[in-house]
Amino acid sequence: MSNTFVIKGFGGEHNLRGTVRVTGAKNAALKAIAATVLFRDVVTLANIPEISDTLRMFDLLKDMGADVVNTKNGIYTVLVPHSFATELTPGIAKRMRASIVLTGPILARYGKVSFPHPGGCVIGARPLDLFVDGFEKMGARVTIKDDSYVVEAKGGLRGAEFFLKNQSVTVTETFMMAGVLAKGTTTIKNAAMEPEIADLAHFLNKCGAKISGAGTSTVTIKGGKLLTGKGHRYKTIPDRIEAGSFLILGALAARELHITNCDPLHLESPIEILRSAGVTIETKKTEMIVRAPSRLLPVDIKTHEYPGFPTDLQAPMTVLLTQADGESTVFETIFEGRLNYTEALSAMGASITMMDPHRALVRGKSKLHGRKLMSPDLRAGLAFVIAAIVAKGESVIHNVDTTIDRGYEDVEHRLRAIGVDIERAQMMLEESPENK
Ligand code: EPZ
């Protein structure tokens with residue numbers, strides 16, 4: 001049995017209208033949950049999205065000895081005790097790459113951490129060499145046995161300076177957190193600059209950390225003692241990727257769509273690119289209003305670390321380019337496997353030519369027709385939802401619970417509220433019709 005979405009498409013009509021509210025950012029919340037290891041007392045986290053990845057991260061902490069209470073929807077308190085396991089439970093950690101950010105705070109606080117290689121995933125190999133290199137530079141000893149890593153730092157970590165050969169968000173966050181308890185100063189050069197990083201640093205500084213430069217390419221952390229959550233409460237920033245996905249959906253199918261509880265300042269690149277494709281977008285402090293134009297213009301996109309065009313919006317944007325009048329190119333610079341989903345779009349009627357694993361040529365405008373789709377990961381999965389809404393006829397998207405539900409809270413109810421004909425169903429793979 002597979003957890004599926006059954007969607008009846010609009011066939012290109014602009015039928016969406018109303019308001020959709022954006023949830024807290026998955027990629028901010030996951031790191032705030034990991035950061036609770038750095039605290040000597042209870043930490044309160046708010047606006048946590050109720051998605052399987054955050055629930056899995058809480059499960060990991062509980063499994064290792066933390067006390068986690070879900071006081072009410074989206075609000076959690078966490079206490080990580082002095083006696084805490086130092087092995088990330090393989091059964092959980094292997095299924096979620098983001099668990100890797102726990103390694104920094106655990107190693108810094110307890111002097112040891114072991115974890116499985118989170119493994120590659122459909123979007124790319126996802127190496128760990130920058131983690132190993134950073135831990136060794138901070139004085140730890142790393143041993144790799146089978147596919148698991150044991151990292152020890154007798155006497156604790158010492159501050160170090162390193163230059164990241166690739167701008168990695170989770171590497172930046174892992175060592176920013178490790179630096180909070182290291183002896184001396186840690187400097188991370190060529191750091192990632194995603195807004196979730198500055199948001200995390202802001203919260204940790206309120207609780208006693210000494211981090212400067214977060215959100216720029218050089219982050220400096222003065223090591224100190226355990227932090228305190230007393231009198232502070234973390235509030236997750238809006239999910240810019242979810243907001244951007246709804247913006248792209250609106251650009252394709254909305255008469256008028258209001259996207260609320262978002263931060264347009266985190267979406268300057270997608271907004272700029274959509275406007276150049278002819279989309280009308282009005283922005284307010286925490287809201288975007290989008291209307292689909294009668295004609296979409298082709299535009300070339302190249303994914304890039306923040307503040308460039310986010311790789312997590314590449315798949316939804318490619319769906320939009322199939323509806324633009326003319327030729328567009330998509331250049332995925334970060335992950336080598338992140339264009340594989342385009343085969344399914346071609347099967348729906350799109351005209352997409354892969355020029356190499358990183359580059360695709362999209363010829364629009366093409367009529368999409370509904371079909372059976374297998375969601376490969378959460379971002380391409382949401383792109384398939386968007387494609388199914390644009391297409392003519394019915395689509396069935398499989399593997400919703402292991403992909404889309406990882407990152408989008410209660411998405412079918414929010415989509416239904418703006419006019420999408422979408423139902424969640426349990427279905428045998430062969431049961432769903434193979435639309436020819
Ligand atoms: C974060 O991953 C996000 N994940 C990703 O979102 C997002 O796509 C990505 O940033 C880019 O914005 C989380 O925040 C949990 P990486 P990141 O594996 O940057 C290289 C989603 O759908 N690298 O570090 O931590 C790697 O090859 C996810 O929400 C090394 O070379 O991803 C790649 O080129 C998908 N060595 C780059 O860094 C290492 O040791 C980023 O990859 C580690 C990474």
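Residues numbered from 1 in each chain as written. Predicted model: local features only at pLDDT ≥ 70, side-chain atom pairs only at ≥ 80, totals over all residues. Heavy atoms only, no water.

Engineer: Whenever I open this one, unusual backbone geometry confuses me. Can you help?
Structural biologist: If a residue is not glycine, its phi is most likely negative; likewise, a peptide bond is most likely trans. Residue P307 is reached from Y306 by a cis peptide bond, and omega for that bond is 10°. With respect to the helices and strands, P307 occurs in the loop between β17 (301-302) and α10 (314-321). For the bond running from G364 to K365, omega is 5°, close enough to zero to count as cis. Notably, D146 is not glycine yet its phi reads approximately 50°, a positive angle. Locating D146 in the fold gives a position in the loop between β7 (141-145) and β8 (148-152). Given the relative accessible area of 79%, D146 is considered exposed. (Helix = DSSP H or I, 4+ residues; strand = E, 2+ residues; numbered from the N terminus. Buried < 20%, exposed > 50% of the residue type's maximum accessible area, 1.4 Å probe, protein only.)

Engineer: It is not clear to me how the packing of aromatic side chains should be interpreted in this structure. Could you clarify?
Structural biologist: Here a ring pair, both rings aromatic, is described through the centre-centre distance and the interplanar angle of the planes. On inspection of all chains with the given rule, the structure shows 8 aromatic pairs. Linked through ring pairs, F131, F135, F162 and F175 together constitute an aromatic cluster. A cation over a ring is seen here: R359 above F331, with NZ or CZ 4.2 Å from the ring centre. (Phe/Tyr/Trp six-rings, centres within 6.5 Å; stacked < 30°, edge-to-face > 60°. Lys NZ or Arg CZ within 6 Å of the ring centre and 35° of its normal.)

Engineer: What exactly am I supposed to notice about the pattern of salt bridges here?
Structural biologist: It is possible for side chains bearing opposite charge to pair when their charged atoms get close. A complete count under the given rule lists 24 salt bridges for this structure. Between K8 and E394 there is a salt bridge; the shortest N-O distance is 3.4 Å. With K8 in strand β1 (residues 2-8) and E394 in strand β22 (residues 394-398), this residue pair connects regions lying 386 residues apart in the sequence. Of the residues examined, K8 reaches a relative accessible area of 42% and is grouped as partly exposed. The class of E394 is partly exposed, set by a relative accessible area of 29%. Residues participating in the shared-partner salt-bridge network are K26, D53, R56 and R406. (Salt bridge = Lys/Arg side-chain N within 4 Å of Asp/Glu carboxyl O.)

Engineer: Sorry, what's going on with the sheet that holds strand β19 (residues 351-356) here?
Structural biologist: Within a sheet, adjacent strands bond to each other through the backbone by hydrogen bonds, running parallel or antiparallel. Strand order in the open sheet formed by 4 strands is β17-β18-β20-β19, with mixed pairing between adjacent strands. Both outer strands of the open sheet, β17 and β19, are each paired with one neighbouring strand and no more. Bridge count for strand β18 (residues 326-331) against strand β20 (residues 359-364) is 6 bridges, and the pairing is antiparallel. Bridge assignment links G326 to a residue of β20, and that residue is G364. Across the face of the sheet, α10 comes into contact with β17, β18, β19 and β20 while running at roughly 170° to β18. (Pairing = 2+ DSSP bridges. Contact = heavy atoms within 4.5 Å. Axes fitted to C-alpha atoms, helices over the stretch in contact; angles between N-to-C directions.)

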